[in-house]
Amino acid sequence: MWGGRFAEGPASVMREINASIPFDKRLWRQDIAGSKAHVAMLAQQGIVAAQDAAAISAGLDQIAAEFEANGVTENLDLEDIHMHVEARLAEIVGPAAGRLHTARSRNDQVATDFRLWVRDAIDMMDAGLKALQIALVTRAEEQVASVMPGFTHLQSAQPVTLGHHLMAYYEMIRRDRSRFADARARMNQCPLGSAALAGTGFPIDRHATAAALDFAKPTDNSLDSVSDRDFALDYLMAATQCSLHLSRLAEEFIIWASQPFGFVSLPDAYSTGSSIMPQKRNPDAAELVRGHAGRIAGCMTALVITMKGLPLAYSKDMQDDKPPVFEAHDLLGLSIAAMTGMVDKVTFRTDRMRALAESGFATATDLADWLVREADVPFREAHHITGRAVKLAETEGKPLADLPLTKLQAIDARIDARVFDVLTIDASVASRKSHGGTSPDRVGEQIKAARAELNMG
């Protein structure tokens, strides 16, 4: 490729370090799509003869069929997917293939290919996340009134419903989808035609190629166009945040599946055994999702550091932009699929959840709220009164609801028999009717809205 300028070929180590085909071969569909749009525009503008453009387009279709059937055969001498396509095109159509690269550079070519790939990746992630949301909503609807302990600091705090807990993850995934959607909208501008860095003197129509590739518009600055990798960083940032949410859900399944909790039984299909302990059922899929979050965050950090301090416009450092994006994409896709399967198939042990919700004095806040609401006690004072009641219940080894009224009145005379209406976990859950609260009525409303948003019928 460099024969006109270089008298000698590259050193073997240069050949190895310079070639990107082992990973950028994943861009072949996008590279061919971009090339077809480019040559059609060149013909439309009279820059390339229609006959040559037709031959080039047909040759690109043949290459696409070959790659689809047999994959891309790597040749390090050809460096990257762009040269692999161009070399094969020359074999098919002859010297006319050389006209394809008129008015473009590999700089704007790869920027376009990569944007197209990331755009496709976002669409794939969105579809997977929607499937996870549907699984969460479906299971939440089954458990809309099932009581479980809510936690802060992993200590029993207040009773909530399992449906409410699952819908919390629906909201997290909803935000993840919005982040990917924002990234997609922001990146949907076409760099093709920016050439190496300064644009081109040929009378090209960048709006035509942008429209042909379903971009909203061409990019506005050729220097920025070839040096920008914000779209890849946006994808990795969104992927990292999403992986953190998946990791939190995975962690809860891991904890819930442990014998001390016993809240869930994970399906065999997402568990493994032990090579030595026959009784074991290990939550390996959930643990791997948790582990993948660290790797995805590492991919994001890798590209952040690669891009830090690069001068305009293109530098070879940017060849290393794709491996972290590809790795994060693969890991996130697996994580989403695994969590969707676990949510769909997990068995919830609601009897165990309820039993633990009834322990730990989870309705203490309800006693304090009752004192404020019914006895006009300032909340701080009500908090202290309730603390004394909890201490008494702990000493006697019984729930708050089982304390005799006489003993509660000995703590504070303003307590009367009506307090027992709020001290059960069912009453506690039912009372949390504020918007977004855990009462079955509110959770049912959340589920109804989610079903409509997801077009679940």
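Everything that follows concerns the structure shown earlier in this document.
Caption draft 1: Structural view of the packing of helix H4 (residues 50-70) against helix H5 (residues 81-93). Here H4 crosses H5 at 115°, and the two axes come no closer than 9 Å. Our pair here, H4 against H5, has a crossing hand that is right-handed. When H4 is examined against H5, the residues Ala-55, Ile-56, Gly-59, Leu-60, Gln-62, Ile-63, Glu-66 and Phe-67 are found in contact with a partner set consisting of Ile-81, Val-85, Arg-88, Leu-89, Ile-92 and Val-93. Its residues assigned to classes, the contact of H4 with H5 comprises 10 nonpolar, two polar and two charged.

Caption draft 2: Spotlight on the pattern of salt bridges. Scanning all chains against the criterion turns up 36 salt bridges. For the salt bridge of Arg-229 with Asp-321, the shortest nitrogen-to-oxygen distance reads 2.5 Å. One end of the pair, Arg-229, is in the loop between helix H9 (222-227) and helix H10 (230-257); the other, Asp-321, is in the loop between helix H11 (284-307) and helix H12 (322-345), with 92 residues separating them in the sequence. Among the charged side chains, a salt-bridge network with shared partners connects Arg-373, Glu-374, Asp-416 and Arg-418.

Caption draft 3: Molecular detail of unusual backbone geometry. Of note, the bond from Leu-312 into Ala-313 is cis; its omega dihedral lies within 30 degrees of zero at 5°. Within the secondary structure, Ala-313 sits in the loop between H11 and H12. A positive phi is found at Asp-376, a non-glycine position, where the angle reads about 55°. Take Asp-376: its relative accessible area is 68%, and that puts it in the exposed class. The phi dihedral of Asn-455 is positive, around 60°, even though this residue is not glycine. Within the secondary structure layout, Asn-455 lies in the segment after helix H18 (440-453). Overall, Asn-455 belongs to the exposed group, its relative accessible area being 65%.

Caption draft 4: Quick peek at the pairing of strand E1 (residues 147-152). Across five bridges, the pairing between E1 and strand E2 (residues 155-161) is antiparallel. Paired with Pro-149 across the two strands is Pro-159, which belongs to E2. From the end of E1 to the start of E2, which pair antiparallel, there are two residues, and His-153 there has a positive phi angle of about 60°.

So, how was this worked out
- Residues numbered from 1 in each chain as written.
- Predicted model: local features only at pLDDT ≥ 70, side-chain atom pairs only at ≥ 80, totals over all residues.
- Heavy atoms only, no water.
- Axes fitted to C-alpha atoms, helices over the stretch in contact; angles between N-to-C directions.
- Helix = DSSP H or I, 4+ residues; strand = E, 2+ residues; numbered from the N terminus.
- Left-handed = near helix turned anticlockwise from the far one by under 90°.
- Contact = heavy atoms within 4.5 Å.
- Nonpolar A, V, L, I, M, F, W, Y, C, P; charged D, E, K, R; others polar.
- Salt bridge = Lys/Arg side-chain N within 4 Å of Asp/Glu carboxyl O.
- Buried < 20%, exposed > 50% of the residue type's maximum accessible area, 1.4 Å probe, protein only.
- Pairing = 2+ DSSP bridges.

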